[in-house]
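# Residue-level structural notes
Okay, here's what each chain looks like letter by letter:
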Amino acid sequence: MLLRKQQDGGLLQPMTANAKEAVEYLRKPEVGRWLLRLSGIPVTSGKSAPPGWRTYRISLYQDHVLEIERSAESPQWLLQRLAEPELEKVPLPSQDPEINLVKNVAARSLYAAGVDAGQVTIMAASAHRVKVVRVDPDWPMHSADHHLEKARQWWEAKMAVHKQQLASLGADPEFALRKPDGSMALASDYLRVNGTVGCDTTRYREELAMHQHPVAELRPAPSEDPDELFFHVRDALQLAGKKISNPALEWVAGGMPFAGYPIGGHIHFGGVTPTYSLRRKLDAYLAMPLVLVEDEGCLMRRKRYGFLGDVREKEYGFEYRTLPSWLVHPDVTRGLFHLARLVVTSAEQLQAAPHLQLSLIKAYYRGEKSALIPYVRRVWKELSELPGYTLSRVHLDRYFSYLLMHDKWPASVDLRKTWGLV
């Protein structure tokens, strides 16, 4: 731990140091590249950038960029470099799309590698094409003290934004519409973009017109109570039934009910900052156990979405974006809400660290259910011994029993039937 400071009579959450297990993994470059590939991050084993590519070195603490260095263009002869270019500091903030992409990929790479601080080396050809060379779990020696001070200042400011106590839970799960012939109906034929029941604005296929949106989305009112949020979701589904006027359509959820159209089940957390530590707890206790019932579409979704630690910060806190659409079954929906509250409110007591076990990371990304069953039994036992578990015991026992007793959730079944709405 790097920092613990008094503020307003309380304690800031401590800055965390790199776990020694993760550091050891990164001492083997091939293991580091394997971890990044699992997370969908493009990598290269090349030691020098090819002609037309630039080399970046990005020093970070969690997703905060402390410094970026970039190579200048080097002279070439017959498409061969004449000398390795020197690195120059990049002024920040920057509006350069390539630099912004490099920053985002560097933060994802640091998280995927299981460390909180380090330097990421990236090669870039454009604002759309980058490859990670390596992740080093250290800052350069000559900059370490300066980077540590900048990281401390950033951390204090970040921890001061919220009270770091869960103020509300929210969600915006998606689902798709299936015609009797098995093809997909457009949500935008029945729903507007905005509202408690609307359609997601993303167009996954460019042949769709600008006003055509395939995926439906619920936006229930948030609540401090997971049961109340669950009933808000149920109310939103009932409202959707009034708006989607074609009773012949089936509503399907999961990970990718139609090829090329991944869908998600984001959970929103108000009053909390998404530190790397908290993200890893959400991965460990929400995302990994859910693999036991996920369908094949969820595995396909992970080629573009669903990577571990995927969050988006918001004014109220953040949304956790890793999960597929859990609207498949009400026991899953309600259980996840209760579990989400328990994980966030008990995060400092939780011990599971699958990001430090290569076999568990592989099992998540490849959907290896049998490899995760012993892990899920362990985390269920651990959670059940927490004081906060008592408040949610009925729903969490039902949830974990569902995970361990079912081969997969009924993603191909009309979710209105599983919810008892038809």
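From a predicted model like this one, the values you see are computed outputs, not experimental measurements.

Here we take up the confidence of the model for the chain. In the predicted model, the chain carries a mean pLDDT of 91, and the fraction of residues at 70 or more is 92%. Segment residues 1–11 is flagged for pLDDT under 50; beyond a separation of four residues in sequence, or across chains, it makes 25 contacts in the model.

As a further point, take the side chain of lysine 281. For lysine 281, the location among the structural elements is in helix α6 (residues 276–290). Buried within the structure, lysine 281 lacks any salt-bridge partner; its nearest side chain of opposite charge belongs to glutamate 382, at an N-O separation of 6.8 Å. Filtering out sequence-adjacent residues up to four positions away, lysine 281 remains in contact with Leu286, Val343, Ala347, Leu350, Gln351 and Ala352.

On to the pairing of strand β9 (residues 129–136). Note: strand β8 (residues 117–126) against β9, seven bridges, orientation antiparallel. Within the sheet, the bridge partner assigned to alanine 124 lies in β9 and is valine 130. The turn linking β8 back onto β9 is made up of two residues.

Residues Leu360, Ile361, Ala363, Tyr364 and Tyr365 constitute the buried set of helix α9 (residues 358–366). For α9, the secondary structure elements touched by its buried residues are α2 (29–38), α6, α7 (296–301) and α10 (369–384). Phi for glycine 367, located one or two positions after α9, is positive at around 65°.

What follows covers the packing of α6 against α10. The N-to-C vectors of α6 and α10 enclose an angle of 140°; their axes lie 10 Å apart at closest approach. Taken together, the axes of α6 and α10 are oblique relative to one another. α10 is crossed by α6, and the crossing has left-handed handedness. Two secondary-structure elements touch here, α6 through Ala284, Tyr285, Met288 and Pro289 and α10 through Leu372, Tyr375, Val376, Val379, Glu382 and Leu383. Grouping the amino acids of the contact of α6 with α10 by side-chain chemistry returns nine nonpolar, no polar and one charged.

Compared with an ideal rise of 1.5 Å per residue, which puts 13 residues at 18 Å, helix α11 (residues 393–405) spans 18 Å between its outermost C-alpha atoms and is within 8% of the ideal. When we look at burial in α11, the residues that qualify are His395, Leu396, Tyr399, Phe400, Tyr402 and Leu403. With its buried residues spanning 150° around the axis, α11 presents them on a single face. Those residues of α11 that are exposed and aimed more than 90 degrees away from the buried face are Val394 and Met405. Contact partners of the buried residues in α11: α5 (226–243), α6, α8 (330–345) and α10.

Cut-offs used in this document
Residues numbered from 1 in each chain as written. Predicted model: local features only at pLDDT ≥ 70, side-chain atom pairs only at ≥ 80, totals over all residues. Heavy atoms only, no water. pLDDT = per-residue confidence, 0-100. Contact = heavy atoms within 4.5 Å. Helix = DSSP H or I, 4+ residues; strand = E, 2+ residues; numbered from the N terminus. Buried < 20%, exposed > 50% of the residue type's maximum accessible area, 1.4 Å probe, protein only. Lys, Arg positive; Asp, Glu negative; His and termini not counted. Salt bridge = Lys/Arg side-chain N within 4 Å of Asp/Glu carboxyl O. Pairing = 2+ DSSP bridges. Axes fitted to C-alpha atoms, helices over the stretch in contact; angles between N-to-C directions. Parallel < 35°, antiparallel > 145°, perpendicular 65-115°, else oblique. Left-handed = near helix turned anticlockwise from the far one by under 90°. Nonpolar A, V, L, I, M, F, W, Y, C, P; charged D, E, K, R; others polar. Expected span 1.5 Å × (residues − 1). Arc of directions from axis to C-beta.

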